[in-house]
Amino acid sequence: MELSRRTLLGGFAAVASGLAGGSLVGCSSGMNNAGAPAKKNAATELSFWCWPGGLGKSVLDDTIAHFPDPKIKYSEIGGDFKQKLITTFNGGTSIPDITGLKGEDIASLLPQAERFVDLKTVGADSVLGDYLDWKVKQATTLDGKVIGLPIDVGPTALFYREDIFAAGGLPSDPAKVAEQLKTWDDFFAAGVELKAKNPKAPIVGDAAGLYDMVVGQGTERYISKDNKFIGDQDHIRKAWDTAVKAMTLKIDGRTPSGGPDWNAGLDQGTVPAHIGAAWVALDIKSAVKKSAGKWRLAPTPGGPANFGGSFLAITKNAADPQKAFDVIKYMLSADNEAKAFTDAQIFPSTPAAYDKPELKAKDAFFGGQVPIDIFGPAAKGIPVAYQSPFDDSVAAPFHDELKTVQTGSKTSDAAWSSAVSKAKAIATRQGVQ
Amino acid sequence: MTATATVPAATVTTAPARKRIWSYWRFYLALSPFYVLFAVFGLYPMLSTIVLAFQRWDGMSARRFTGLGNFAFLVKDPTFWQALENTVVLFLMSTVPTLVLALLLAVMLQSAVRFTNVYRIAYFIPNVTSLVAMAIFFSSIFSTNFGLVNAALRSLGIPQQDWLGQPWGIKIAISTMIVWQWVGYNTLIYLAGLQAIPREQYEAAKVDGAGAVRTFFSITLPQLRPVVLFTVIMSTIGGLQTFTEPQVMVGNSGGTGQSGMTVVLFFYRAAFLDNDYGYAAAIALSIFVLVLLFTAINWRIFRGRGEDR
């Protein structure tokens, strides 16, 4: 049998017009997508997306076994999670019922709240009080919708080498460190003292990284709730000046965390201290060979901040939002969060979990110190700052310019004004006043 | 067009011509997979990029038509001009040494007698190695305290440098990596070109008493001109799209003072970090124009001169 020419041409014409039409009306179909009611997923299974290492293995297995009907179909999505989620939303099919949302992405997803189920409509009010208040606020829109239940948080602490602090004449016992290094000025003074005795041990690993920490300790960031640019104001300038002070005192190691120099420096003592979130413990543990047992934890100078921490959300496509909520409520109960901490150091967002035996365990890496004694109070004391969807984009010029101060190619004032004007341009572009 | 005169003639001739064309439909069918794939994965994305460049879109909500708004912002954006400057500087810093080294190596390989294939494979291996893995490797080589480069400097008594922290250091590190990766590829192309040069010309030069240098500049280089043109244009297209090296070595912001921010990295940041897809599409179009422009310039320089003679 021969393929007729006419049908073949007809087929080509259809494909060609489909392509041409698609490209030209792509914009209008995009517009319809956002407003139209979401197509429901099939009720036969509950699809569930998260990234590798985002959930505790035993908790996940237990949850899947606990909810046999409809069966949970869990998919681990590697790579750029947010990008894949957005692409799937735009495609309109295979959208998961339940999805993880990363802490760094949540602010930019809040304007898309209509794609997610407001958890208050499926009974979240009864459990929201169990979670850290500031963390729930991160997933709450300005008009009060809650789009995600917190999986974990990233409270910060001061990680330091007990032996190097002691040899440098600094207090080395965690309680004494906590008492003596309360503010950034105390911390810098200790750094100057340490440097006098041990010139190879700058107390600040990377002043440009420290800047972020100081911004995180405040209650305001770059853009205010009423969508105004406030990155040129005192609170940001204060964080900037704190970082610059560490540079001018020459106690800045200029060693960004995670790099080969940082990894080697942890063991060799050229990075005697690091200020980072609870999950940094894993990085330090895997980087060092010799210095296990010599590390200690103390509260962050200047007060705690948060880095990282994610959420579970239910999409509007979910066949049964109530059922989906039961799943995430079960998964993120205080008991299960404590289990997830044992599984993969996922730091609980439920304060009740901090009293569980899993978290009360002593850690030999930290010389038998109990990490939760430092991280627990830190998690509860993190200040609430409004984070705009464009916050990360606006913050970028400040980091870039601070590095030019660090390398000595610009003065602090010149770099500051350049950072502010670049940040303002980005903010204006995004519609910030 | 001279419409009035040709139209009647055309109508007379089209009927048999069309018939002849369609009688080859089986051949077109055989060729069609490429064109269908190109239309879906090449043409459609290109067209939608052009459409997107005139819109504002955050990736999720409704698109808004903004006319030339994205382009107007682009020409006023200092980061864009800086990215453009970085890209051109990096392109020159990497392409010139790459091609010179490749040519030298090719001439040496041409004359080498033993183990030629071993050298060819050795030089080509960098080109097929994972770029991300190599970028991580190179960032350790250039790291401040424990890097190989600084270790070598220290042993020579020169103070160590903060390679990935200084604006010029970042550029050197990135272009070193590009050179390392592309020398072997260009060497092989030059080698193929060298083998096409007739032996007689060299013999004649020898008889006339020309030395190695004179032979190189009077015979090898002029004969290689078309091959050089090809490599220059390929390097232009590749060099203006430098992305992975800076992204892995100094991060999405382009490092200190954004000195490693290339145009493609800038595009990536606009699209996937700032979720400003319309603006990113406008940047993508500017890269396209940039590549066209540079290719045209190279074409003129390397081919024009040959034809003038």
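These numbers come from a predicted model, not from an experiment. Residue positions are counted from 1 within each chain, in the order its sequence is given. Written order determines the labels here, with chains lettered from A and ligands numbered from 1. Given that the model is predicted, a residue must reach a pLDDT of at least 70 before its local features are reported, and side-chain atom pairs must reach 80 or more before they are shown or counted; all residues, however, enter totals for whole chains, interfaces and linings. As a rule here, side-chain values come from all non-hydrogen atoms in the structure, and water together with hydrogens is ignored.

(A) The arrangement of the environment of B:Ile283 in detail. Residues and elements named next belong to chain B. Position of Ile 283 among the secondary structure elements: in helix α13 (residues 277–308). The classification of residues rests on relative accessible area computed with a 1.4 Å probe and restricted to protein chains. Under 20% of the type maximum is buried, over 50% is exposed, and intermediate values are partly exposed. Owing to a relative accessible area of 0%, Ile 283 belongs among the buried residues under this scheme. C-alpha separation for the pair Ile 283 and Leu 153, spaced 130 residues apart in sequence, amounts to 40 Å. Sequence-distant contacts of Ile 283, that is, excluding residues within four places in its chain, are made with Leu 74, Val 263, Phe 266, Phe 267 and Ala 270. Numbering of helices and strands starts at the N terminus; helices are DSSP runs of H or I of at least 4 residues and strands are runs of E of at least 2. The contact rule is simple, with two residues in contact once any of their heavy atoms fall within 4.5 Å.

(B) Layout of the sheet that holds strand β5 (residues 156–161) of chain A. Residue and element names in this part refer to chain A. Following DSSP output, two strands are said to pair if at least two bridges run between them. The antiparallel open sheet is built from three strands, whose spatial order is β6-β5-β7. The sheet terminates laterally at β6 (273–277) and β7 (295–298), the two strands that pair on one side only. For this sheet, the mean inter-axis angle between neighbouring strands, taken without regard to orientation, is 30°. In this sheet, β6 lies alongside β5 in antiparallel orientation, the contact comprising five bridges. Note on β6: the bridge partner recorded for Tyr 160 is Ala 273. Interaxial angle, 0 to 180 degrees, is taken between N-to-C directions of lines fitted to C-alpha atoms, where a helix line uses only the stretch in contact. Lying on the sheet, helix α17 (residues 372–380) is in contact with β5, β6 and β7; it crosses β5 at an angle near 150°.

(C) Up close: the packing of helix α3 (residues 69–76) of chain B against helix α4 (residues 78–111) of chain B. Residue and element names in this part refer to chain B. At a minimum axis separation of 5 Å, α3 and α4 run at an interaxial angle of 65°. With respect to α4, the element α3 is oriented roughly perpendicular. Residues Leu 74, Val 75 and Lys 76 of α3 touch α4, and the partners they reach there are Pro 78, Phe 80 and Trp 81. When an angle is under 35 degrees it counts as roughly parallel; over 145 it counts as roughly antiparallel; between 65 and 115 it counts as roughly perpendicular; any other value is oblique.

(D) Layout of unusual backbone geometry. Following A:Asp69, the chain continues to A:Pro70 via a peptide bond in cis, the omega torsion being -10°. Structurally, A:Pro70 can be placed in the loop between α2 (57–66) and β2 (71–76). Phi is positive for A:Arg254, which is not a glycine, with a value near 55°. Its location among the elements puts A:Arg254 in the loop between α11 (234–248) and α12 (260–268). Positive phi values are uncommon outside glycine, yet B:Gln258 reaches one of about 55°. By the element assignment, B:Gln258 lies in the loop between α11 (244–250) and α12 (263–273). Judged by relative accessible area, B:Gln258 falls into the buried class, the value being 2%.

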